Amino acid sequence: MNRDEKITKIQELVYEMKVQEVMRRKVITVGPTTQMSELREILRVNRISGAPVVEGDALVGIISLEDFIKWLANREDDCPIGAKMTRDVKTLYADEPLVTAVNKLEQLGYGRFPVIDRETNELVGIITAGLVIEGLLRKLEIDYSEEEIHRYRASHIFEDILADRTKLLFEYDVVGQDFERAGESASGLKTTLRRLGIDPRIVRRVAIATYEAEMNVVVYTPGGKISCEIDPEKIVVDVRDSGPGIPDVEKAMQPGYSTAPEWVRELGFGAGMGLNNIQKCADEMVLTSDVGSGTHLKVCIFTEQGRGS
Amino acid sequence: MKSMTLEDVRRVLEAEVIVGKDLLHRRVKMGCGSDLMSDVLAFIKPASLLLTGLTNQQTVRTAEMQDIVAICFVRGKKPTDETVKLAQLKNIPLLATRFRMFEACGRLYTEGLPGDYEATESG
Ligand SMILES: Nc1ncnc2c1ncn2[C@@H]1O[C@H](COP(=O)(O)OP(=O)(O)OP(=O)(O)O)[C@@H](O)[C@H]1O
Ligand SMILES: [Mg+2]
């Protein structure tokens with residue numbers, strides 16, 4: 001990863017990671033009846049700059065080093081923390097994305113937020129700007145070294161969409177006979193699928209099948225369209241062209257059969273492997289063609305989730 | 001099973017690095033030599049180094065689709081400007097060696113870089 005990639009990666013992580021992944025779980029708390037004069041020792045010994053105030057199981061306030069300094073500066077008499085604490089505590093839920101924490105830290109100007117479990121309403125941790133940075137750096141290191149390890153996050157985007165069924169549709173135009181630009185659609189699709197967090201092994205199969213199909217459209221036809229429909233279970237690539245069509249589909253599918261012109265062979269293609277390779281990559285493949293009107297290829301590849309069900 | 005870094009590849013093939021001078025720490029698990037992209041698309045395994053005498057943009061496209069680690073052009077061939085540009089965009093290292101295909105592959109194999117058969121048999 002170069003510098004720019006790392007920065008984009010951090011931006012991604014801020015949305016991906018949850019507060020609970022970076023928060024400190026061992027929270028030093030104080031009681032509302034603890035005296036202000038004792039606070040300094042508590043903060044010093046634990047090397048913290050503030051603490052949630054807890055009564056029984058309930059979070060009743062928060063007290064910071066700043067409150068302590070104010071109290072000192074005013075030369076007030078000793079009193080319970082309960083009298084000086086902030087009662088209106090801003091909290092975060094453990095399952096909120098990190099970006100919410102970052103925004104709140106920035107907007108409200110507080111140094112820390114107690115973290116609450118959404119179900120039980122219990123105090124489960126504390127988060128500070130320092131912990132956010134630490135957590136991000138740690139994750140970045142892990143991601144960096146484990147980049148090859150297959151991650152499966154395809155369901156991520158779908159998690160945030162509220163619908164009984166969700167599908168994404170991408171469309172690409174393929175210009176015929178333009179060898180230079182051949183592969184742009186497959187490339188765009190591949191990049192997009194990776195960004196969606198789909199398993200790299202699945203992405204690779206989709207990319208290869210799409211590229212082979214795109215190549216055929218470029219080489220044998222005046223042009224066509226590629227569309228790709230994605231849902232959590234499968235990825236369907238649909239390629240249509242208005243070319244001459246294939247007289248004998250069965251024959252065309254056989255490895256080694258090719259009508260590729262010489263210029264295509266010189267460039268390293270035209271061995272008659274493409275359609276066969278598409279079939280190898282696909283879980284399902286349907287190729288239909290009408291001589292004179294064009295060819296229609298449909299390729300379906302199941303995601304891990306689709307395979308499971 | 002042995003693997004090599006691109007820096008090892010560069011050394012063994014006395015190669016020039018055209019794209020990806022900062023990516024030489026990347027590892028290749030196996031090598032594949034071919035002038036037929038149809039074949040490469042059908043058979044190459046991920047984490048491979050591709051050795052080829054073809055220099056058009058579709059070599060980079062093929063590498064991109066197949067998750068190929070790097071391309072090394074053999075017999076002194078230099079990639080076209082468009083090929084270089086695409087490789088930069090896609091972060092795919094390009095190397096160039098004066099050795100011909102047979103000798104380039106032989107040198108790497110001797111240094112311990114397997115082909116896909118051996119690499120996947122033991123891995
Ligand atoms: N979209 C298409 N329109 C018309 N004919 C096609 C189309 N796709 C494939 N064909 C025919 O089917 C044959 C086999 O296609 P296939 O992709 O398997 O191999 P190829 O394109 O010849 O070579 P390779 O894909 O290995 O570079 C082609 O040579 C061509 O005659
Ligand atoms: Mg083809």
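Residues numbered from 1 in each chain as written. Chains lettered and ligands numbered in written order. Predicted model: local features only at pLDDT ≥ 70, side-chain atom pairs only at ≥ 80, totals over all residues. Heavy atoms only, no water.

**Comments concerning the overall build of chain A**
- When you go through chain A residue by residue, the secondary structure sums to 13 helices and ten strands.
- Within chain A, the proportion of its 309 residues that are buried is 44%.
- Of all intrachain contacts in chain A linking residues separated by at least 6 positions in sequence, the fraction that spans at least 24 positions is 64%.
- In the form shown here, chain A has an accessible surface area of approximately 16,900 Å², with 49% of it arising from carbon and sulfur atoms. (Helix = DSSP H or I, 4+ residues; strand = E, 2+ residues; numbered from the N terminus. Buried < 20%, exposed > 50% of the residue type's maximum accessible area, 1.4 Å probe, protein only. Contact = heavy atoms within 4.5 Å. Areas by Shrake-Rupley, 256 points an atom, 1.4 Å probe, with all protein chains shown as cover.)

**Describing the sheet that holds strand β6 (residues 168-175) of chain A**
Residues and elements named next belong to chain A.
- Here five strands make up an open sheet; going across it, the order is β6-β7-β8-β10-β9 and the pairing antiparallel. Of all the strands in the sheet, the pair left with one neighbour each is β6 and β9 (284-290). Strand-to-strand twist of the sheet, defined as the mean angle between neighbouring strand axes without regard to direction, takes the value 10°.
- Taken together, the seven bridges between β9 and strand β10 (residues 294-302) define a ladder with antiparallel strand orientation. Bridging from a neighbouring strand, Thr-288 pairs with His-296 of β10.
- This element, helix α12 (residues 274-281), spans β9 and β10 of the sheet and lies at about 145° to β9. (Pairing = 2+ DSSP bridges. Axes fitted to C-alpha atoms, helices over the stretch in contact; angles between N-to-C directions.)

**Some details on the sheet that holds strand β2 (residues 16-19) of chain B**
Residue and element names in this part refer to chain B.
- The sheet built from five strands is open, its strands ordered β2-β7-β6-β5-β4 with mixed pairing. Looking at strand neighbours, the two that pair on one side only are β2 and β4 (30-33), the edges of this open sheet. Along the sheet, successive strands turn relative to each other by an average axial angle of 25°, direction set aside.
- Strand direction decides the pairing type here: β4 and strand β5 (residues 48-52), joined by four bridges, are parallel. Paired with Gly-31 across the bridge in β5 is Leu-49.
- Relative to the sheet, helix α4 (residues 81-90) contacts β2, β6 (70-73) and β7 (94-96), its axis offset from that of β2 by approximately 75°.

**Description of the site of ligand 1**
- Taken together, the neighbourhood of ligand 1 is formed by 21 residues, with Tyr-220, Ser-258, Thr-259, Gly-270 and Met-273 of chain A sitting nearest.
- Bordering ligand 1 are residues originating from chains A and B.
- In the model, an oxygen atom of ligand 1 is placed 2.7 Å from a nitrogen or oxygen of the Gly-270 of chain A main chain.
- Between an oxygen atom of ligand 1 and a main-chain N or O atom of Gly-274 of chain A, the distance comes to 3.0 Å.
- For ligand 1, whose accessible area on its own is 590 Å², the fraction buried by protein is 95%.
- Listed by contribution, the elements that provide at least two residues to the shell around ligand 1 are α9 (200-220) and α12 of chain A.
- When the residues that make up the shell around ligand 1 are grouped by side-chain class, the tally is nine nonpolar, ten polar and two charged. (Near = heavy atom within 4 Å. Polar contact = N/O pair within 3.5 Å; in protein donor to acceptor, adjacent residues only side chain to side chain. Nonpolar A, V, L, I, M, F, W, Y, C, P; charged D, E, K, R; others polar.)

**A closer look at the pattern of salt bridges**
Residue and element names in this part refer to chain A.
- All chains considered together, the criterion is met by 23 salt bridges over all chains.
- For Asp-199, the salt bridge goes to Arg-201, with nearest N and O atoms at 2.7 Å.
- Relative accessible area serves as the criterion here: at 3%, Asp-199 is assigned to the buried category.
- Taking relative accessible area as the criterion, Arg-201 reaches 43% and is therefore assigned partly exposed.
- Taken together, the shared-partner salt bridges in this structure form one network comprising Arg-205, Asp-283 and Arg-307. (Salt bridge = Lys/Arg side-chain N within 4 Å of Asp/Glu carboxyl O.)

**Structural notes on the confidence of the model for chain A**
- Summing up the model confidence of chain A, the mean pLDDT is 89 and the portion of residues at 70 or higher is 92%.
- Scored below 50 in pLDDT, residues 145-155 of chain A shows 23 contacts in the model against residues more than four places distant or in partner chains. (pLDDT = per-residue confidence, 0-100.)

**Considerations on the packing of α9 of chain A against α12 of chain A**
Residue and element names in this part refer to chain A.
- Where α9 contacts α12, the two axes come as close as 9 Å, and the packing angle between them is 155°. Taken together, the axes of α9 and α12 are roughly antiparallel relative to one another. Note that α9 runs across α12; the crossing there is left-handed. Mapping the contact onto sequence places Arg-205, Ile-208, Ala-209, Glu-212, Ala-213 and Asn-216 in α9 and Gly-274, Leu-275, Asn-277, Ile-278 and Cys-281 in α12.
- Among the residues forming the contact of α9 with α12, the class breakdown is six nonpolar, three polar and two charged. (Parallel < 35°, antiparallel > 145°, perpendicular 65-115°, else oblique. Left-handed = near helix turned anticlockwise from the far one by under 90°.)

**Notes on the pairing of strand β7 (residues 223-230) of chain A**
Residue and element names in this part refer to chain A.
- In terms of residue burial, β7 counts as a mostly covered element, since six of its eight residues are buried.
- Inspection of the sheet shows β6 paired to β7 by eight bridges, in the antiparallel sense. The residue of β7 that forms the bridge with Asp-173 is Lys-225.
- Relative to strand β8 (residues 234-241), β7 runs antiparallel, the two sharing seven bridges. Within β8, the position partnered with Gly-224 by the bridge is Asp-241.
- Remark: three residues form the turn of the hairpin made by β7 and β8, two consecutive strands paired antiparallel.

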